[in-house]
Amino acid sequence: MHMTETARRMWKKLTWTWSPGSEKEAGDAVVKNMLLHWFPNKVSISSMSWSYSMWLGTVSFVLFLILCGTGLVLMFLYVPSVERAYSSVKDIEFVVSFGWLLRSMHRISAHLMVASVFLHMVRVFLTGAYKNGTAAGANRPLNWIVGLTLLVLTLLLSFTGYLLPWDQLAYWAITVGTNIARSAPVVGEWMRFVLLGGTTIDQGTLIRFYVLHVFFLPVIVLFLFAYHMWRVRKDGGLAVVDKEDLNRTAVPADPVKSKTYSLLGITNGTSVHVQTKVVEDESTTVTSSPHLLRRILLVSLLTFAVVVLLSVVFPAPLEAPANPSVTPNPAKAPWYFLWLQEIVTVTTVTIGSFTINGALIGGILLPGALLALAVWWPYRDKSGPGSVGVWLSPERKRQNMVFIVICVVILLFTVVGTFLRGPYWNLYWPWESWPDMPVKF
C-alpha cells in the first residue's frame, strides 16, 4: 500500500504540469515545462473554436511530424541509387513487415500536408488574419509572408520526395516539373541544371533530391515553423482575439488607495477617478494546461487516425521502374502542379509559325505574379480593424471574392488535369474510355 502511494506521488510529481490541480499550478506549468513554454498562461476560448481556425495549423504540423517519423524509418530501408532505389522501395512494399503501411502513411501525409497548409492560408486570408490588430509590436504581415514561404517549402518537400521511388510515375512527373522550371527567363536553364545536377535525370538528380528531401528542407521548415509560432505569440495570439478587444467596453473601477493618481499626489476637491477596461478572464479565457493541451492532443489523434485509415484504403502506387526511353501518354506533373500544367496548355498559342511559350506565361510568370501579389496584399489592404479575425467580413467583400475566384480556378484546373486529361493531353469525360495507345520507345 505504501509503495502504491509512493508511486502515485512520484507519477503526480512528473506529470502535474500536464494535468494541474489548480489555476496556480496551471500558471506554474507553463513556466516550468519547456514544451509548454510555447503557450501563454491563458488562451482565449474563441481562439480554440473549431469554426474559426479549424485547427489547420496544428493539423499541418502533426502531418509534418508523421512525415518525419515515417521518413526516419524509411531512411534505414531506402537506398538512394538509380540501380537500387526501385528495388529497395519494392522491398519496403512487399518484404518489410508493414512496410506498405509505412510508405502509404508517408505518402498520404505528404499529400494532406500540401492540402492543409493551402487551406490554412485560405483561412488566414478570408478572416483578414494577416492584418495587424490591437497588440503592441504586432507584425502579422511578416508572419503571413513566413506562412507563404512555408507553403512553397511544403510543395518543394513533396516534389523532391516524388522522385525517390524511381518508377515511371515519379520519373516523368519530375521531367514535366523541371521542364516548366526551365522556361523561366534568363535563369531557367540554370535552375533546371542545378535541380537535376546535370542535363538529364540520373544519379546526380536522385541524390540531390534525396538530400534536399531528408535534410535541408525539413530543417528549414522546422526553423520557420518555430519562428511562425513565436510570431503568433508576439502578435497577440490568433486574430479572433482582436475582435474581442474591440468589443470590450470601459467599466468604472475604484482607484487603489495606495496609489497616487495626480501630479505629486496633490489635488484639490474630489480625487481623480479612473476608468479602465476590465477583462472577465473566467468567462473569456481558460488556462493553456490542460484545456489547450487536451484540444491539441485530440486534433493530433484525429489527424493520425485519418492518415492511417486513408493509408489502408489508398495504398501508395508503384509503377514500372523508371525508363527514359518509354514516355507515358499523358505525362503529368505531380497533382499539386497540375493546375500549372493546365495553364501552360491554355496559354500555349500557335499563330502560323509563331508560338507563344505557355510554359513561360503559365508556369513561371503567372504563378510568380500571384505569389508577389500575395506578399504585397497585406500592405495594400486598408480595411478597418473591425474586419480582423472575422470570417468573410463585409468590409473585405470584394477582395475576398477575388481571392475565392482565384482559388476556385486553381482547384478546377487541378481536377481537370487529374481526372479529365488523357492521351495527347486531350479532354475525356469520366464515362469516356481512353484510346489504346502504342508504347513509344
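Please refer to the structure higher up on the page.
Just so you know, these numbers come straight off a predicted model, no measurement behind them.

## What to know about the packing of helix H4 (residues 56-77) against helix H10 (residues 203-234)
Next, step 1: Two elements in contact, H4 and H10, have axes whose closest approach is 12 Å; the angle formed by their N-to-C orientations is 150 degrees. Here H10 runs roughly antiparallel to H4, going by the angle between their axes. The chirality of how H4 crosses H10 is left-handed. Between H4, through Phe-61, Phe-64 and Met-75, and H10, the contact on the second element is made entirely by Tyr-210, Val-214, Pro-218, Val-221, Leu-222 and Phe-225.
Next, step 2: Residues of the contact of H4 with H10, tallied by class, amount to nine nonpolar, no polar and no charged.

## Some remarks on the packing of helix H8 (residues 168-182) against helix H9 (residues 188-196)
Next, step 1: Between H8 and H9, whose axes approach to 7 Å, the crossing angle comes to 145 degrees. Residues Thr-178, Asn-179, Ala-181 and Arg-182 of H8 pack against Gly-188, Glu-189, Met-191, Arg-192, Leu-195 and Leu-196 of H9.
Next, step 2: For the contact of H8 with H9, the per-class residue count stands at four nonpolar, three polar and three charged.

## Quick look at the pattern of salt bridges
Next, step 1: With the rule as written, the count across this model stands at 10 salt bridges.
Next, step 2: Linking Lys-42 and Glu-23 is a salt bridge whose minimum nitrogen-to-oxygen distance equals 2.9 Å. Of this pair, Lys-42 sits in strand E1 (residues 42-44) while Glu-23 sits in helix H2 (residues 23-32), and the two are 19 residues apart along the sequence.
Next, step 3: Arg-421 is paired through a salt bridge with Glu-342; the nearest N and O atoms lie 2.6 Å apart. Here the residue Arg-421 occupies a position in the segment after helix H16 (397-420), and Glu-342 occupies one in helix H14 (residues 338-347), the gap between them amounting to 79 residues.
Next, step 4: The buried category is assigned to Arg-421, whose relative accessible area is 10%.
Next, step 5: Through salt bridges with shared partners, one network takes in Glu-5, Arg-8 and Arg-9.

## Remarks on the side chain of Thr-160
Next, step 1: Within the secondary structure, Thr-160 is located in helix H7 (residues 140-162).
Next, step 2: Its relative accessible area of 4% is what places Thr-160 among the buried residues.
Next, step 3: Setting aside its immediate chain neighbours within four residues, Thr-160 contacts Phe-209, Leu-212, His-213 and Leu-217.

## Some thoughts on the nonpolar core
Next, step 1: Core analysis: the largest hydrophobic core is formed by 52 residues, its most contacted members being Met-121, Val-122, Phe-125, Trp-144 and Phe-403.
Next, step 2: Of all the secondary-structure elements, those providing two or more residues to this core are H4, helix H6 (99-126), H7, H10, helix H11 (240-247), helix H13 (288-313), helix H15 (358-380) and H16.
Next, step 3: Top element by residues in this core is H6. It accounts for 11 residues.
Next, step 4: Beyond its immediate sequence surroundings of up to four residues, Val-122 is in contact with Phe-403 and Cys-407.
Next, step 5: With 30 residues, the next largest nonpolar core counts Trp-166, Ile-174, Val-176 and Trp-339 among its residues.

## Here we look at unusual backbone geometry
Note on backbone geometry: most residues besides glycine have negative phi, and most peptide bonds are trans.
Next, step 1: Look at the link from Ser-289 to Pro-290: it is a cis peptide, with omega at 15 degrees.
Next, step 2: Note on placement: Pro-290 falls in helix H13.
Next, step 3: Positive phi is not limited to glycine here, since Met-54 has a value of about 55 degrees.
Next, step 4: Inspection of the secondary structure puts Met-54 in the loop between helix H3 (50-53) and H4.
Next, step 5: The backbone of Trp-425 sits at a positive phi, close to 60 degrees, despite the residue not being glycine.
Next, step 6: Inspection of the secondary structure puts Trp-425 in the segment after H16.

## Some details on H10
Because an α-helix packs 3.6 residues into every turn, residues spaced three or four apart end up facing the same way.
Next, step 1: Between its first and last C-alpha atoms H10 spans 45 Å; for 32 residues at 1.5 Å apiece the expected length is 46 Å, and the two agree.
Next, step 2: Leu-212 marks where H10 bends most, by close to 45 degrees.
Next, step 3: Taken residue by residue, H10 has Thr-205, Leu-206, Phe-209, Tyr-210, His-213, Leu-217, Pro-218, Val-221, Leu-224, Phe-225, His-228 and Arg-231 as its buried positions.
Next, step 4: Just downstream of H10 lies Gly-236, where phi reads positive at about 90 degrees.

## Comments concerning a nonpolar patch on the surface
Next, step 1: On the surface, Met-54, Trp-391, Leu-392, Met-401, Ile-404, Val-408 and Leu-412 cluster together to form a nonpolar patch covering roughly 620 Å² of accessible area.
Next, step 2: By the element assignment, Met-401 lies in helix H16.
Next, step 3: For Met-401, a relative accessible area of 47% corresponds to the partly exposed category.

## Some remarks on the packing of aromatic side chains
Next, step 1: Per the stated rule, a full pass over the model turns up 20 aromatic pairs.
Next, step 2: Aromatic pair Phe-125 and Tyr-130: ring centres 5.3 Å apart, planes at 45 degrees, arrangement tilted. Taken individually, Phe-125 and Tyr-130 each receive the classification buried, so the pair is uniform in this respect.
Next, step 3: Ring geometry for Phe-215 and Phe-216: centres 5.0 Å apart, planes at 80 degrees, overall edge-to-face.
Next, step 4: Residue class for Phe-216 comes out partly exposed when judged on its relative accessible area of 43%.
Next, step 5: Ring pairing ties together the aromatic residues Phe-159, Tyr-162, Phe-209, Trp-335, Tyr-336 and Phe-337, which thus form one cluster.
Next, step 6: Note that Arg-380 overlies the ring of Trp-377, its terminal NZ or CZ placed 5.6 Å from the centroid.
Next, step 7: Note that Arg-396 overlies the ring of Phe-125, its terminal NZ or CZ placed 5.2 Å from the centroid.

What counts, and where the lines are drawn
- Residues numbered from 1 in each chain as written.
- Predicted model: local features only at pLDDT ≥ 70, side-chain atom pairs only at ≥ 80, totals over all residues.
- Heavy atoms only, no water.
- Axes fitted to C-alpha atoms, helices over the stretch in contact; angles between N-to-C directions.
- Helix = DSSP H or I, 4+ residues; strand = E, 2+ residues; numbered from the N terminus.
- Parallel < 35°, antiparallel > 145°, perpendicular 65-115°, else oblique.
- Left-handed = near helix turned anticlockwise from the far one by under 90°.
- Contact = heavy atoms within 4.5 Å.
- Nonpolar A, V, L, I, M, F, W, Y, C, P; charged D, E, K, R; others polar.
- Salt bridge = Lys/Arg side-chain N within 4 Å of Asp/Glu carboxyl O.
- Buried < 20%, exposed > 50% of the residue type's maximum accessible area, 1.4 Å probe, protein only.
- Core = buried A, V, L, I, M, F, W, Y, C linked by side-chain atoms within 4.5 Å.
- Expected span 1.5 Å × (residues − 1).
- Bend = angle between axes of the 7 residues up to and from the residue.
- Patch = residues over 30% accessible without salt bridge, like charges linked within 9 Å, V, L, I, M, F, W, Y side chains within 5 Å.
- Areas by Shrake-Rupley, 256 points an atom, 1.4 Å probe, with all protein chains shown as cover.
- Phe/Tyr/Trp six-rings, centres within 6.5 Å; stacked < 30°, edge-to-face > 60°.
- Lys NZ or Arg CZ within 6 Å of the ring centre and 35° of its normal.

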